[in-house]
Amino acid sequence: MEYSQFRSLIVGSLEKNGLNDLSEQQYELFYAFGEYLLKVNQITNLTAIRNMPDVITKHFVDSLLVSEYIPQTARVLDLGCGAGFPSVPLAIARPDLTVVGLDSTAKKIAFVNEVAKQLGLSHLTAVAGRAEDPQMIELLGKFDAVTSRAVAALQILSELCLPYVRRGGLFLPLKAAKAEEELRDARHGIAFLGGSEPILHSCTLKTDISAEPRCIIEILKLQDTPKGYPRSYAAIFKKPLS
Ligand code: SAH
């Protein structure tokens, strides 16, 4: 797709979804990222989305729905970032942030680090590893905000993510339609891990042909998480916090 067409699509989609306009340089970075994602995706499976209009709405704009909940200059962990969602769009749209992507799949992390290098995003880095890996212990409690999209149900996701949030920081999972249902199972675990009563921010991802329900959940870390969390993945799955 030509840049001019890309630009008019992303400008239109941001506007339709009530998001801020970006600078020319930021549109150029989104374009470079989109082109590179689709190119690499032809040889390595990074995303099921294979055309630019859908990349713009379902990856870029969808990722940016969380931006308004992230405080200025925050250090953000994107847990299970995959090919960089929401981490890369946040790094492009919010140069004030410091963004760390974490994913267990090394090739996705290599891709995100290559994107950061090619686009000159020095405030974005990506780390290969599992959230519940004991080697990650030095990052626990170190982030002002933790985002996560399409990684696990909230009951499990909370145990993976909340330990990484510092006291006073935010856990901001990006969810689709079933947020309320997931919250029912997750509520006690969230409190146990030090999280506040969750606030649900329901919104809609609007495209030219659809309006899909989305929900950003906002959880404030009130207390430090007890030691020993997250547990091993087997333990989390066998006996999720309830
Ligand atoms: N957030 C991206 C990718 C979602 S796919 C997006 O919205 O497009 C889920 C990703 O989570 C996968 O890339 C998988 O490798 C990663 N993942 C799942 N469990 C994980 C864990 N425990 N620790 C780190 N990464 C994990």
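**Student:** So what exactly am I meant to see when it comes to the overall build of the chain here?
**Tutor:** Within the chain, the regular secondary structure consists of eight helices and seven strands. Computed over its C-alpha atoms, the radius of gyration of the chain comes to 17 Å, within 12% of the 18 Å expected for a compact globule of 242 residues. Across its three principal axes, the chain shows a C-alpha extent of roughly 50 × 35 × 30 Å. Looking at the 242 residues of the chain, the share that counts as buried comes to 53%. As displayed, the chain has an accessible area near 11300 Å², and 52% of this comes from carbon and sulfur atoms. Charge centroids of the chain, computed over 26 positive and 27 negative side chains, lie 6 Å from each other.

**Student:** When you look at the site of the ligand in this model, what are you seeing that I'm missing?
**Tutor:** Taken together, 16 residues surround the ligand, and among them Gly80, Phe85, Asp103, Glu132 and Arg149 come closest. Interatomic distance of 2.7 Å between a backbone N/O atom of Gly80 and a nitrogen atom of the ligand. Note that an oxygen atom of the ligand is positioned 3.1 Å from one of the side-chain N or O atoms of Thr105. When isolated, the ligand has an accessible area of 570 Å², and the protein chains bury 83% of it. When atoms are counted within 2 Å of each cavity's grid points, the one that captures over half of the ligand is the largest pocket.

**Student:** I'm lost on the packing of helix H2 (residues 24-41) against helix H5 (residues 106-119) in this one. Help?
**Tutor:** How two helices sit against one another is set out by the angle between their axes and by the gap between those axes. Axis separation between H2 and H5 bottoms out at 11 Å; the angle between their running directions is 145 degrees. The handedness of the crossing between H2 and H5 is right-handed. Facing H2, whose interface residues are Leu29, Ala32, Phe33, Tyr36, Leu37 and Val40, H5 presents Phe111, Glu114, Val115, Gln118 and Leu119. Tallied by class, the residues present in the contact of H2 with H5 amount to nine nonpolar, one polar and one charged.

**Student:** Teacher, can you tell me more about the packing of helix H1 (residues 3-16) against H2 here?
**Tutor:** Relative orientation of the contacting elements H1 and H2 amounts to 110 degrees, with a least axis distance of 10 Å. Overall, the two elements H1 and H2 adopt an arrangement that is roughly perpendicular. In this structure, H1 uses Tyr3, Phe6, Arg7, Ile10, Val11 and Leu14 to contact H2, whose residues at the interface are Glu24, Tyr27, Glu28, Phe30 and Tyr31. Looking at the contact of H1 with H2, its residues break down into eight nonpolar, no polar and three charged.

**Student:** Any chance you could explain helix H7 (residues 179-192) here in plain terms?
**Tutor:** Count 3.6 residues to each turn of an α-helix, and residues three or four apart come out pointing the same way. Taking 1.5 Å per residue as the helical rise, H7 with its 14 residues ought to reach 20 Å, and the 19 Å between its terminal C-alpha atoms agrees with that figure. Considering bend angle alone, the principal kink of H7 is centred on Ala186 and spans about 55 degrees. Where H7 is buried, its residues touch helix H6 (154-161), strand E5 (165-175), strand E6 (199-206) and strand E7 (211-220). Looking one or two places after H7, you find Gly194, whose phi comes out positive at around 105 degrees.

**Student:** What is the right way to read the nonpolar core from this model?
**Tutor:** Looking at soluble globular proteins, one finds that nonpolar side chains tend to be buried together. Ranked by size, the top nonpolar core spans 52 residues in total, and within it Phe33, Phe60, Ile70 and Phe111 carry the most contacts. Put simply, the parts of the chain that give this core at least two residues each are H1, H2, helix H3 (52-64), helix H4 (87-93), H5, strand E3 (124-128) and E5. The dominant element in this core, judged by the number of residues it contributes, is H2, at nine residues. Beyond its immediate chain neighbours, meaning those up to four positions away, Phe111 contacts Phe33, Tyr36, Leu37, Val40, Leu46 and Ala83. The next biggest cluster of nonpolar side chains, apart from the first, holds 30 residues, and it includes Tyr164, Ile190, Cys215 and Leu241.

**Student:** Looking at this structure, I do not really get the layout of surface pockets. What am I missing?
**Tutor:** Empty space left among the atoms is revealed by rolling a probe the size of a water molecule over them. Counted as a void, the largest pocket has a volume near 420 Å³. Along its surface, the largest pocket is lined by 24 residues, and Gly80, Gly82, Asp103, Ala150 and Val151 are the ones closest to its centre. A class-by-class count of the residues in the lining of the largest pocket yields 12 nonpolar, seven polar and five charged. By volume, the second largest pocket amounts to about 360 Å³.

Cut-offs applied
- For every chain, the first residue of its written sequence is number 1, and the numbers climb from 1 along that sequence.
- Selection of residues for local features in this predicted model requires a pLDDT of at least 70, selection of side-chain atom pairs for listing and counting requires 80 or more, and totals for whole chains, interfaces and linings are taken over all residues.
- Excluding hydrogens and water, the side-chain values take into account all heavy atoms of the structure.
- We count a stretch as a helix when DSSP gives it H or I for four or more residues in a row; a strand needs E for two or more, and each element gets its number in order from the N terminus.
- For a compact globule the rule gives 2.2 Å times the number of residues to the power 0.38, and the radius of gyration it is set against comes from C-alpha atoms.
- Under the scheme applied here, a residue whose accessible area is under 20% of the maximum for its type counts as buried, over 50% as exposed, and between as partly exposed, the area being computed with a 1.4 Å probe on protein chains only.
- Throughout, the Shrake-Rupley method with a 1.4 Å probe supplies accessible areas, and for residues the shown protein chains are the sole cover considered.
- Positive: Lys, Arg. Negative: Asp, Glu. His and the chain ends are not part of the count.
- By convention, the charge on Lys lies at NZ, on Arg at CZ, on Asp at CG and on Glu at CD.
- Residues are classed as near a molecule or strand on a simple rule: at least one heavy atom within 4 Å of it.
- Polar contacts, as counted here, are pairs of nitrogen or oxygen atoms within 3.5 Å of one another; within protein the pair requires one atom able to donate a hydrogen and one able to accept it, and residues that are adjacent in sequence qualify only if both atoms are side-chain atoms.
- Put simply, the grid is 1 Å and covers the protein atoms alone, a cavity is a trapped set of points that fit a 1.4 Å probe, a pocket is an open set with protein on both sides within 12 Å along at least five of seven lines, and lining residues have an atom within 4 Å of a point.
- Cavities and pockets are treated as containing a molecule whenever more than half of the molecule's atoms lie within 2 Å of their grid points.
- The axes are straight lines fitted to the C-alpha atoms, using for helices just the contacting stretch, and the angles between their N-to-C directions are given from 0 to 180°.
- It is the rotation of the near helix from the far one that decides the hand of a crossing: anticlockwise by less than a right angle makes it left-handed, clockwise makes it right-handed.
- When checking whether two residues touch, look at their non-hydrogen atoms; a contact exists if any pair is within 4.5 Å.
- When residues are grouped by polarity, Ala, Val, Leu, Ile, Met, Phe, Trp, Tyr, Cys and Pro land in nonpolar, Asp, Glu, Lys and Arg in charged, and all others, Gly among them, in polar.
- Should an angle lie under 35 degrees it is considered roughly parallel, over 145 roughly antiparallel, and from 65 to 115 roughly perpendicular; all remaining angles are considered oblique.
- By definition here, a helix of n residues has an expected span of 1.5 Å times n minus one.
- The quantity called bend is, for any residue, the angle between two axes fitted respectively to the seven residues ending at it and the seven beginning at it.
- The set of buried Ala, Val, Leu, Ile, Met, Phe, Trp, Tyr and Cys residues whose side-chain atoms join them within 4.5 Å is what this entry labels a nonpolar core.
- Grid points are joined across faces, edges and corners, and a volume is the space filled by probe spheres set on the points.

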